[in-house]
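So you can see what is in the structure, the chains are spelled out below.
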Amino acid sequence: MKTLKINGREVAFSDEKNLLEVIRKAGIELPTFCYHSELSTYGACRMCLVEDKRGNLIAACSTPPREGMEIKTHTKRLLKQRRMTLELILAEHDRDCTTCGKNGDCKLRKLSHDLGVEEIRFGTKENYLPIDDSSEAIVRNPNKCILCGDCVRMCEEVQGIGVIGFAHRGAKAVVTPAFNKNLCEVECVDCGQCSAVCPTGAIVVKSHIDKVWDALNDDNKVVIAQIAPAVRVAFGEAFGLRPGESTEYLIVSALKAMGFDMVFDTCFAADLTVIEEGHEFLERLEKGENLPLFTSCCPAWVKFVEFNYPSFLNNLSSCRSPHQMFGSFTKNYYAKELGVSRENVYVVSIMPCTAKKAEAAREELGVDGNPDVDAVLTTRELIRMVREAGIVFKDLKEEPFDMPFGFSTGGGIIFGATGGVAEAVVRTLDGGHRRFEQVRGSEGLKEATIVKDGKEIRVAVVHGLKNARELLEKIKSGSVKYDMVEVMACPGGCVGGAGQPSPASTGVREERAKGLYNIDNRMQLARSDENPMIKMLYEKWLGSPGSEVAHKYLHTHYRP
Ligand code: HC1
Ligand code: SF4
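The protein is annotated in an unreviewed UniProt entry as NAD(P)-dependent iron-only hydrogenase catalytic subunit of Thermosediminibacter oceani. UniProt, in the comment section headed Subcellular location (unreviewed entry), describes the protein in these words: "Membrane". According to the UniProt record, the Sequence similarities (unreviewed entry) comment for the protein reads "Belongs to the complex I 75 kDa subunit family."

Given below as structure tokens:
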């Protein structure tokens, strides 16, 4: 076993990729801005400097651990150095912390407090750059950027998109889309993963909180919430629960306390998606057309295909995503049952995702300018609203979902983890009650083959858009062949959505996914086609899967 010394204590190490990982494993939390274990090492922020026995200062993130090394992590010199680095960053930083979107969750503010920065000797920021709020999903404030490059590497290395990068040099250096364009003018897919790794308020999620409060305070509006699968296994993290603990009935209770009239489950709409998409898939299979079928639940993935692979647009399932199906049947069918006009029904989607905000704004997903989904709150926005409303989480009593759209099967629940959509469709195609565990887990690409009526169906599952691009290239070249492909833009699927509480490392995402499979195991029904409320919706309104009504209200088209 190899060892080195940290602050005079012997510490064993094996395959840790750098000194920083060894130090953190030894229980010492060295500060960093630009280090993320899932991104390449940048080594720019200099916060993780340590001192070796010769007195050299070295960046722990970019130094491999070596046998016999002796380092110190908190000498007087290092403390002074870190404080100075913070002071220099703060001197160039817009410091309106009290009104910042990252207030309460800002690493810069936390470290300045923890490291005892009490004055900034190097002046105050003078030159302010314009804020870019052109995106439906995120807001970029360059005045709060500390040039750590986390967003740049996330967009490039994990999402394979690369629409933001460094421009200019020295004091003029900024992170910006090419040619200083706004985000809405480049091929940003709204995944929000850049905001999830941003340590400050330089990239934040666009808030829908105020408009939801407005609707809740409007007596003419019937305000209806739907809760996405992945929200329930992450929401509790903000209140001290472990990732993966299910909190859906506490969320229902909180929403009711805030004044929501009805609370339904997006998992019901996910069950409906399985039926429509399963039907569409079998039709394509029979005709041998537009295969592989690509799932279409993830709006960032849909936009990615629209921007980059228009020749594959016909491969996308024409099904709207579950939360948009929900908005559509709520406003076009249920509003009539309630005797309320669609304008007076206000649908709020509670989602782990930022791209759902942009999806809800798509013109085709509404009627005459009235959207099917009026507002999208991320898990984090809902947490903020719960606090704003003075609701004490530990005092909440569980409440059930409302009916009829609060009933779901395990098939709808597992949508929130990578592989879940494919597994739910396969369960229904198979018609048994088996689980299909081959497509579970956090590997970038998962494959499975199932046999239906003597015919082999090849399924692939990818998450993270870089993985999706690699797969599309292989499909294009003919080197691989599949019948169905599930793609989710965020690492881990929706459980790793950018609207979830941070930080979402691989381990956290896996725990959340496990939480969804645990709920699935407890569910009475495993297959979406067994959902009695779905059967009722077909009997009362839709007719049969793939019917004209179903196509009009539950399907969509894409833009080349
Ligand atoms: Fe998802 Fe979906 S699973 S896309 O990840 O298909 O956001 O959770 O709500 O719409 O159901 C997200 C999650 C979510 C949709 C469903
Ligand atoms: Fe890149 Fe996604 Fe951020 Fe857009 S939202 S800049 S695609 S990481």
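Glancing now at the overall build of the protein. Along its length, the protein carries 18 helices and 19 strands. Compactness check: the protein gives a C-alpha radius of gyration of 25 Å against a globular reference of 24 Å for 560 residues, within 12% of the reference. Across the 560 residues in the protein, those meeting the buried criterion constitute 48%. For the protein, the share of sequence-separated contacts (at least 6 apart) that also reach a separation of at least 24 residues comes to 72%.

The subject of this paragraph is the site of ligand 1. Around ligand 1, the structure places 20 residues, and the nearest of them are Ala228, Ala230, Cys297, Cys353 and Cys494. When residues in the shell around ligand 1 are grouped by element, the largest group, three residues, is from helix α8 (residues 266-287).

Taken in spatial order, the four strands make up an open sheet running β11-β10-β13-β16, and their pairing is parallel. For this open sheet the edge positions go to β11 (262-265) and β16 (375-378), each flanked by a neighbour on one side alone. Pairs of neighbouring strands in the sheet enclose a mean axial angle of 25 degrees, with direction left out of account. Strand direction decides the pairing type here: strand β10 (residues 222-227) and β11, joined by four bridges, are parallel. Considered in β11, the bridge of Gln226 is made with Phe264. Strands β10, β13 (345-351) and β16 of the sheet are contacted by helix α6 (residues 209-216), whose axis makes an angle of about 120 degrees with β16. Strands in contact with helix α12 (residues 379-388) are β13 and β16; relative to β16, the strand with the most contacts, it is inclined by about 85 degrees.

The next point concerns the domain arrangement of the protein. The domains assigned to the protein are domain 1 (2-74), domain 2 (122-205) and domain 3 (210-554). Placing a centre on the C-alpha atoms of domain 2 and another on those of domain 3 gives a separation of 28 Å. In this assembly, 17 residues from domain 2 lie in contact with 21 residues from domain 3. Contributing elements (two or more residues each) for the side of domain 2 that touches domain 3: α4 (150-158) and α5 (193-197). Looking at which element gives the most residues to the side of domain 2 that touches domain 3, the answer is α5, with three residues. The residue inventory of the side of domain 2 that touches domain 3, partitioned by class, reads eight nonpolar, five polar and four charged.

Relative to strand β18 (residues 455-463), strand β17 (residues 445-452) runs antiparallel, the two sharing eight bridges. The partner of Ile450 across the bridge, within β18, is Ile457.

Moving on: the packing of α8 against helix α10 (residues 322-338). Packing of α8 against α10 leaves a shortest axis separation of 8 Å and a crossing angle of 100 degrees. Taken as axis vectors, α8 and α10 run roughly perpendicular relative to one another. Across from Thr266, Ala269, Ala270, Leu272 and Thr273 in α8, the residues of α10 making contact are Pro322, His323, Met325 and Phe326. Considered class by class, the residues forming the contact of α8 with α10 number six nonpolar, three polar and no charged.

Counting residues in hydrophobic clusters, the biggest one holds 157 residues, and the most contacted among them are Cys151, Val231, Val263, Trp301, Val348, Ile350 and Ala489. Top contributing element to this core by residue count: α8, with eight residues. Contact partners of Ala489, with chain neighbours within four places excluded, come to Val189, Cys191, Cys298, Ala300, Trp301, Phe304, Ala355 and Leu465.

The environment of ligand 2 is formed by 14 residues, the closest being Cys155, Ile161, Cys188, Cys191 and Cys194. Those elements that provide at least two residues to the shell around ligand 2 are α4 and α5. Taken together, the residues of the shell around ligand 2 sort by class into 10 nonpolar, three polar and one charged.

Residue Pro292 is bonded to the preceding Leu291 through a cis peptide linkage, with omega at 0 degrees. With respect to the element layout, Pro292 can be found in the loop between α8 and β12 (293-294). In this model, Asn7 sits at a positive phi of 50 degrees, which is unusual for a non-glycine residue. Positionally, Asn7 belongs in the loop between β1 (2-6) and β2 (9-13). The class for Asn7 is partly exposed, based on 15 C-beta atoms found within 10 Å. At Phe179, a residue that is not glycine, the phi angle is positive and equals roughly 55 degrees. Accessibility expressed as a C-beta count within 10 Å gives 8 for Phe179, which makes it exposed.

What follows concerns the UniProt feature "domain: 4Fe-4S His(Cys)3-ligated-type" (unreviewed entry) in the protein. With numbering matched to this structure, UniProt assigns "domain: 4Fe-4S His(Cys)3-ligated-type" (unreviewed entry) to residues 77-116. Taken end to end, residues 77-116 is 57% helix and 0% strand, and its first and last C-alpha atoms sit 15 Å apart.

Ordered in space as β2-β1-β5-β3-β4, the five strands form an open sheet in which the pairing is mixed. Of all the strands in the sheet, just β2 and β4 (57-59) have a single pairing partner and so form its edges. Between one strand and the next, the sheet's axes are offset by a mean angle of 40 degrees, whatever the strand orientation. As paired elements, β1 and β2 share five bridges and run antiparallel to each other. Of the residues in β2, the one forming a bridge with Thr3 is Ala12. Across the sheet, helix α2 (residues 76-91) lies against β3 (49-52) and β4, angled at about 155 degrees from β3, the strand it touches most.

Assignment of secondary structure puts Ala26 in the loop between α1 (19-25) and β3. Ala26 sits 397 residues away from Glu423 along the chain, and the two C-alpha atoms are 40 Å apart. Once you skip the residues sitting within four places of it in the chain, Ala26 turns out to touch Ile6 and Val11.

How each quantity is defined
- Residues numbered from 1 in each chain as written.
- Chains lettered and ligands numbered in written order.
- Predicted model: local features only at pLDDT ≥ 70, side-chain atom pairs only at ≥ 80, totals over all residues.
- UniProt positions renumbered as here; feature names shortened; annotations may be inferred.
- Helix = DSSP H or I, 4+ residues; strand = E, 2+ residues; numbered from the N terminus.
- Rg over C-alpha atoms; globule rule 2.2 N^0.38 Å.
- Buried ≥ 20, exposed ≤ 12 C-beta atoms within 10 Å, placed from the backbone.
- Contact = placed C-beta atoms within 7 Å.
- Near = placed C-beta within 6 Å.
- Pairing = 2+ DSSP bridges.
- Axes fitted to C-alpha atoms, helices over the stretch in contact; angles between N-to-C directions.
- Domains from an automatic or database assignment.
- Nonpolar A, V, L, I, M, F, W, Y, C, P; charged D, E, K, R; others polar.
- Parallel < 35°, antiparallel > 145°, perpendicular 65-115°, else oblique.
- Core = buried A, V, L, I, M, F, W, Y, C linked by C-beta atoms within 7 Å.

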